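# Residue-level structural notes
What follows is the residue order along each chain.
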Amino acid sequence: MTTEHQLREKLRKIRALFEGAATPGERQAAAAAMDRLRQALDTASKTQPLPELRFSMVDQWQRRLFTALCRRYGLAPYRYKGQRYTTVMVRAPRSFMANTLLPEYLELQAALHAYLNEATERIIREEVYKDAGEAVEQTG
């Protein structure tokens, strides 16, 4: 059983992995690197228009994680009036999204999904009914 504390620790480890930090000195270096990255993104957006990228998230949890991660890197996620609530737009360099933000997002999303799935299963089994498995598939 994964506790919230264990999940938080796992998320910190994933973040440290992407920031490349293992020791306090490396964490400080990673924080400085993140500041430099934010400054570079800010400079790039002032000198040339960044491509507008569109993402579709299947649920509110993925959308919340994605938008929070964008904001952590100094990006401003948005959507246009009339767009689906599942759509998130962001202006950012494609290489940054492909090499930094999206791999980190996928790792964090997998950890959160596993935690939410485990918690849901446990609550259903303990409070609703012990068999929380899928419905049996019938032929014909």
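All of these numbers come straight from a predicted model, not from anything done at the bench.

All right, on to the layout of surface pockets then. In this structure, the largest pocket spans a volume of roughly 260 Å³. Those elements giving two or more residues to the lining of the largest pocket turn out to be α3 (60-72) and α4 (94-128). Grouping the amino acids of the lining of the largest pocket by side-chain chemistry returns 6 nonpolar, 3 polar and 2 charged. Of the volumes computed, that of the second largest pocket is approximately 200 Å³. Lining of the second largest pocket is provided by R8, L11, R12, R15, L65, A68, L69, R72, E104 and L108.

A separate point is the pairing of strand β2 (residues 87-91). Along a regular strand, successive side chains alternate from one face of the sheet to the other. Judged by how many residues are buried, β2 sits mostly within the fold: 4 of 5 residues are covered. With 5 bridges connecting them, strand β1 (residues 52-56) and β2 associate as antiparallel partners. Each residue of the ladder has a partner; that of E52, found in β2, is R91.

What follows covers the packing of α3 against α4. Orientation of α3 relative to α4, taken along the N-to-C sense of each, is 140°, at an axis distance of 10 Å. Viewed along their axes, α3 and α4 adopt a mutual orientation that is oblique. Where α3 crosses over α4, the two elements pack in a sense that is right-handed. Contacts between α3 and α4 involve W61, Q62, L65, F66, L69, C70 and R72 from the former and M97, L101, L102, E104, Y105, L108, Q109, L112 and L116 from the latter.

With that settled, consider the environment of D35. Mapped onto the elements of the fold, D35 is located in helix α2 (residues 24-47). For the pair D35 and G74, spaced 39 residues apart in the sequence, the C-alpha separation amounts to 9.3 Å.

Before going further, it helps to examine the pattern of salt bridges. Taken as a whole, this structure holds 3 salt bridges when the rule is applied. A salt bridge links E52 to R91, with the shortest nitrogen-to-oxygen separation between them at 3.6 Å. Within this pair, whereas E52 is found in strand β1, its partner R91 is found in strand β2, the two being separated by 39 residues in sequence. The class of R91 is partly exposed, set by a relative accessible area of 41%. The closest approach of N and O atoms between E121 and R125, which form a salt bridge, is 3.3 Å. Here R125 and E121 lie together in helix α4, a separation of 4 residues that amounts to about one turn. Taking relative accessible area as the criterion, R125 reaches 45% and is therefore assigned partly exposed.

Cut-off values and rules
- Residues numbered from 1 in each chain as written.
- Predicted model: local features only at pLDDT ≥ 70, side-chain atom pairs only at ≥ 80, totals over all residues.
- Heavy atoms only, no water.
- 1 Å grid on protein atoms, 1.4 Å probe; cavity = no way out; pocket = protein on both sides within 12 Å on 5 of 7 lines; lining within 4 Å.
- Points joined across faces, edges and corners; volume = space filled by probe spheres on them.
- Helix = DSSP H or I, 4+ residues; strand = E, 2+ residues; numbered from the N terminus.
- Nonpolar A, V, L, I, M, F, W, Y, C, P; charged D, E, K, R; others polar.
- Buried < 20%, exposed > 50% of the residue type's maximum accessible area, 1.4 Å probe, protein only.
- Pairing = 2+ DSSP bridges.
- Axes fitted to C-alpha atoms, helices over the stretch in contact; angles between N-to-C directions.
- Parallel < 35°, antiparallel > 145°, perpendicular 65-115°, else oblique.
- Left-handed = near helix turned anticlockwise from the far one by under 90°.
- Contact = heavy atoms within 4.5 Å.
- Salt bridge = Lys/Arg side-chain N within 4 Å of Asp/Glu carboxyl O.

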